[in-house]
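Inside the fold
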Amino acid sequence: MGRKKRVGFADLQTTHAELGRGELRCPQCTRSVSDADGLKFIPALGQSESSLATLNCPRCRTMLSIRFIAGT
Ligand SMILES: [Zn+2]
C-alpha cells in the first residue's frame, strides 16, 4: 500500500499436472513458465512434500509465489 511498484509479485495456484503441461503462465506478461525456468521449492516444516515454490519470470522478472494444490 502506498509504495511504488517495481518488481512485481504474484501469487499463483496450480497443480503439478498443469505445470507439467506448460499451462502455468506469468500473470504479468503471460509467458508460460516451467520448472526449467528455475522453479525452487520451499521446504515446509512438518510436510513430506513441499507445496510452495518460487520462480522469477524470465521475461518480466515478476516474482511468482506458486502454491501447488492437489490435482484431480
Ligand atoms: Zn512475466
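Owing to the predicted nature of the structure, the values given are computational and were not obtained by experimental measurement.

On to the overall build of the protein, then. Looking only at helices and strands, one finds one helix and four strands in the protein. The order of α-helices and β-strands along the protein, N terminus first, is β-α-β-β-β. The burial tally for the protein puts 10% of its 72 residues in the buried class.

All right, on to the nonpolar core then. Of all hydrophobic cores here, the largest spans seven residues; its members are Leu24, Cys26, Val33, Leu55, Cys57, Leu64 and Ile66. In contact with Cys57, other than residues within four places in its own chain, are Cys26, Gln28, Cys29, Arg31, Val33, Thr62 and Leu64.

Another point: the pairing of strand E1 (residues 9-14). Sparse coverage of E1 is indicated by the burial of zero of its six residues. Relative to strand E4 (residues 63-68), E1 runs parallel, the two being bridged by six bridges. Each bridged residue has a counterpart across the sheet, and for Ala10 the counterpart in E4 is Leu64.

Calculation rules
- Residues numbered from 1 in each chain as written.
- Predicted model: local features only at pLDDT ≥ 70, side-chain atom pairs only at ≥ 80, totals over all residues.
- Helix = DSSP H or I, 4+ residues; strand = E, 2+ residues; numbered from the N terminus.
- Buried ≥ 20, exposed ≤ 12 C-beta atoms within 10 Å, placed from the backbone.
- Core = buried A, V, L, I, M, F, W, Y, C linked by C-beta atoms within 7 Å.
- Contact = placed C-beta atoms within 7 Å.
- Pairing = 2+ DSSP bridges.

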